[in-house]
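As a plain string of letters, each chain reads:
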Amino acid sequence: MPEESVEKWVQLADAGGDLRSLMNEVNMHMESRTFLVGNELSAADEAVYKAIHEELLKSAADEKARLTGVHLWRWFDLIQHLCEEEGDLAMIDIVLNLSVEQMKIAAVSSKRLSSSAPGGGLSEEERAAKAAQKKAAKEAKKAAKKDKPGPAQAPKKEETLSVFRLDIRVGNILKAENHPDADGLYLEQIDVGDEKPRTVCSGLRKFFATPDLLLGPCLCVCNLKPAKMRGIVSEAMVLCATSTDGSLVELVMPPEGSTVGARVVFEGEEGEPDAQLNPKKQIFEKIAVDFITTEELVATWKGKPFSTPQGVCKVKSIENGGIK
């Protein structure tokens, strides 16, 4: 992400000058973009969002303002939801359900703003010529790259999807309470053998009437990427089985006498777990498809029991239930 581009927008936001001019510039800039700079939220988005918030709040009910600045409003609505957890500024209710005719009006209005802005007065012919030059240069570069012999590439190695990639450990839930900002979540402190307990958010309030029912032994997946859940970072996941009709959920329990922090293993599956699973590749989800409890209530992966040196891991009563 170019630092100079971020700095440019931050300076414009901090200047405190003509906000209308800033809003027009954002509207034009966002015509084919999601964020002001790069492909993710940056300090540029946050700074401009805060600078123009009060001005947009005043004109939120003005349909004409939304039509002439449709790209601005679309970007602003995305940013206010991404920044919602900070809670510094009031949310603005924005409706952009535009008809085809309204979209045409918005496009014309956007072009007018573009032609009236400094440096934005190119004619249609000039824009077409500029676009053609850019396209020709791009195609020439692509052709040159295609003709240039490159190093021979090795065949792409197929990714292993074995259960050993998951860091599943014996845990002990020391404390459980209601999540302060989410009706469906419990907030737990779980000992998994690290120097200090991990904070974990679990969507179990529908199935466990009180948080104290969670206290005690459990199994945790410890190498998922930490994720913020309603303002609190969850550092692991408690494994539970769900009945086939979805009405019952139970913790997967290690055998009695298992050591907290001990790794759960599977017969014939050997290897070191990933340091942290890449959520984009959905490694856990693909492996967990084959998690199931047997008629003997044993938790298994492809027929192989979840095991510790003390024996196999089980659930209380759920047969043929999925586990996640």
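Notes on the structure follow.

Thresholds applied
Residues numbered from 1 in each chain as written. Predicted model: local features only at pLDDT ≥ 70, side-chain atom pairs only at ≥ 80, totals over all residues. Heavy atoms only, no water. Axes fitted to C-alpha atoms, helices over the stretch in contact; angles between N-to-C directions. Helix = DSSP H or I, 4+ residues; strand = E, 2+ residues; numbered from the N terminus. Parallel < 35°, antiparallel > 145°, perpendicular 65-115°, else oblique. Left-handed = near helix turned anticlockwise from the far one by under 90°. Contact = heavy atoms within 4.5 Å. Nonpolar A, V, L, I, M, F, W, Y, C, P; charged D, E, K, R; others polar. Salt bridge = Lys/Arg side-chain N within 4 Å of Asp/Glu carboxyl O. Buried < 20%, exposed > 50% of the residue type's maximum accessible area, 1.4 Å probe, protein only.

Further remarks concern the packing of helix α2 (residues 19-29) against helix α3 (residues 43-58). At a closest axis distance of 10 Å, the pairing of α2 and α3 adopts a crossing angle of 115 degrees. Viewed along their axes, α2 and α3 adopt a mutual orientation that is roughly perpendicular. Seen from above, α2 lies across α3 with left-handed handedness. Seen from α2, the contacting residues are L19, R20, L22, M23 and V26; seen from α3, they are V48, A51, I52, E55 and L56. Tallied by class, residues from the contact of α2 with α3 come to eight nonpolar, no polar and two charged.

This part covers the pattern of salt bridges. Oppositely charged side chains may form a pair once their charged atoms are brought near each other. Taken as a whole and judged by the stated rule, the model has seven salt bridges. Across the pair R169 and D167 runs a salt bridge whose closest N-O atoms are separated by 3.0 Å. Overall, R169 belongs to the buried group, its relative accessible area being 13%. Each member of the salt-bridge network shares a partner with another, and the members are D167, R169, D194 and R198.

Structurally, G303 is set in the loop between β11 (299-301) and β12 (304-305). Taking the relative accessible area as the measure of exposure, G303 reaches 59% and is therefore exposed. In sequence terms G303 and E267 are 36 residues apart; their C-alpha atoms lie 9.9 Å from each other.

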